[in-house]
Amino acid sequence: MLRSMVREGRREDFGSATELLNRVWPYRVGSARGLRHAADAEPPNAHRRYWAAEDDGKLVGWATAAIEDQSNERPGFLQASVAPESRKAGLGTALLERCEAHLAGLRVATVLSFTTPEDASQTFATKHGFRHTSTTRISGVDPRTIEPRDAPPGVDLRPLAVLDPRKVYELDAEAMLDVPGEVAMDDVSFEQWLEDYWRDPDTDLDASVAALIDDRPVAFSHLRTAPGGRAVTEMTGTLRDYPGRGLALLAKRATLVNAAKCGVELVSTENDETNGPMLRVNEKLGYRPIGSTLRWSRP
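One structure accompanies this document, and this report is about it. (Residues numbered from 1 in each chain as written. Predicted model: local features only at pLDDT ≥ 70, side-chain atom pairs only at ≥ 80, totals over all residues. Heavy atoms only, no water.)

## Focus: the environment of aspartate 206
Tracing the backbone shows aspartate 206 in the loop between helix 6 (190-198) and strand 8 (209-213). Other than its neighbours up to four places away in sequence, aspartate 206 contacts Pro159, Ala161 and Asn258. (Helix = DSSP H or I, 4+ residues; strand = E, 2+ residues; numbered from the N terminus. Contact = heavy atoms within 4.5 Å.)

Okay, here's the thing in structure tokens:
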């Protein structure tokens, strides 16, 4: 009898899948409840599917494929992860084949993915026709080392929880246009944004902070938390009419101070290596490089 098998992923797998993903991706911030919510919130036109690899009944691999519905370009996306002790047995290839077949049926022109920087991961991606397009720096800081600062005159700092989500959505949508990357996230409806970000159970709306001028949110930092004293500042941005005022730095600092109050000991953040302005903000706050991920595209 075969010990290993690949099958369709199920909701009851999400707990084990989260544990696996947090092992393979050591700086990932995510929970089983967050994965369940993301699956429930996924719009039908994303065509999201999951696959699981088992060895003697234990989940040792996890993969997903979908259309990136938040971009007007509508590329495909796939990602496969296998536990270190279960590699070199063909499970990664088997999971990848399920993802590729799914996306081929959807007739996507471009397929995106990302990997860890390990040599084996790079070799695997290259072998399957992917080309390395960019590198994302993962930086981390202990928020307990961050000193609070008062806002300058005319600027108010408020938690996202007390703000009109529509105004935060408008700020986020504009700020996202300035984030470097091969695919622009330029087609996110307000309703979908609410599900994906505002109502994400891992989002801490009380700790996340926005800077307001004349009662308008002009900069913000979005914090997601997970068990184990870890968190990630997933998005920090400023409206295009308010550059160079230190508002993103102000909002991110306040968010980190709040994270420390919540018992968080490590806050990570991910930035494209070409995103100089945000990397400089992070350096001023004491973030230091702790890892990286590689982005890939095919063709």
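## Side note on the pairing of strand 8
Look at any regular strand and the pattern is simple: side chains alternate between the two faces of the sheet. Of all five residues making up strand 8, five are buried, and the element is well covered by its neighbours. Bridge count between strand 8 and strand 9 (residues 216-226): five bridges; the pairing is antiparallel. Its bridge partner being in strand 9, leucine 212 is matched across the sheet by proline 217. (Buried < 20%, exposed > 50% of the residue type's maximum accessible area, 1.4 Å probe, protein only. Pairing = 2+ DSSP bridges.)

## Structural notes on the packing of helix 5 (residues 165-176) against helix 6
In contact at an axis separation of 11 Å, helix 5 and helix 6 are set at 90° when each is read in the N-to-C sense. The angle between helix 5 and helix 6 places the two elements in the roughly perpendicular class. Only Phe190, Trp193, Leu194 and Trp198 of helix 6 make contact with helix 5, whose side of the interface consists of Pro165, Arg166, Val168, Tyr169 and Asp172. For the contact of helix 5 with helix 6, the per-class residue count stands at seven nonpolar, no polar and two charged. (Axes fitted to C-alpha atoms, helices over the stretch in contact; angles between N-to-C directions. Parallel < 35°, antiparallel > 145°, perpendicular 65-115°, else oblique. Nonpolar A, V, L, I, M, F, W, Y, C, P; charged D, E, K, R; others polar.)

## Section: the pairing of strand 3 (residues 58-67)
The element strand 3 is largely enclosed, with a buried count of nine among its 10 residues. The pairing of strand 2 (residues 49-55) with strand 3 spans seven bridges and is classified as antiparallel. Its bridge partner lying in strand 3, alanine 52 is registered against tryptophan 62. Counted along the chain from strand 2 to the antiparallel partner strand 3, the turn is two residues long, and its residue aspartate 56 has a positive phi close to 55°. Where strand 3 and strand 4 (residues 76-82) come together, seven bridges link them in antiparallel fashion. Bridged to glycine 61 within strand 4 is valine 82.

## Examining the layout of surface pockets
By volume, the second largest pocket amounts to about 580 Å³. If you list the elements that add at least two residues to the lining of the second largest pocket, you get strand 4, helix 3 (91-106), strand 5 (111-115) and helix 4 (119-127). With five residues, strand 4 is the single largest residue contributor to the lining of the second largest pocket. Across the lining of the second largest pocket, the residue classes break down as 14 nonpolar, 11 polar and three charged. (1 Å grid on protein atoms, 1.4 Å probe; cavity = no way out; pocket = protein on both sides within 12 Å on 5 of 7 lines; lining within 4 Å. Points joined across faces, edges and corners; volume = space filled by probe spheres on them.)

## So, the pattern of salt bridges
Under the defined criterion, the tally for this structure stands at 23 salt bridges. When the shortest N-O distance is used, the salt bridge between aspartate 187 and arginine 74 registers 2.8 Å. Here the residue aspartate 187 occupies a position in the loop between helix 5 and helix 6, and arginine 74 occupies one in the loop between strand 3 and strand 4, the gap between them amounting to 113 residues. For arginine 74, a relative accessible area of 31% corresponds to the partly exposed category. The partner of arginine 224 in a salt bridge is aspartate 200, and the shortest N-O contact between them spans 3.4 Å. You can see arginine 224 sitting in strand 9 and its partner aspartate 200 sitting in the loop between helix 6 and strand 8, a full 24 residues away along the chain. For arginine 224, a relative accessible area of 11% translates into the label buried. For aspartate 200, a relative accessible area of 11% puts it in the buried group. (Salt bridge = Lys/Arg side-chain N within 4 Å of Asp/Glu carboxyl O.)

By themselves, these observations are geometric and do not establish any function.
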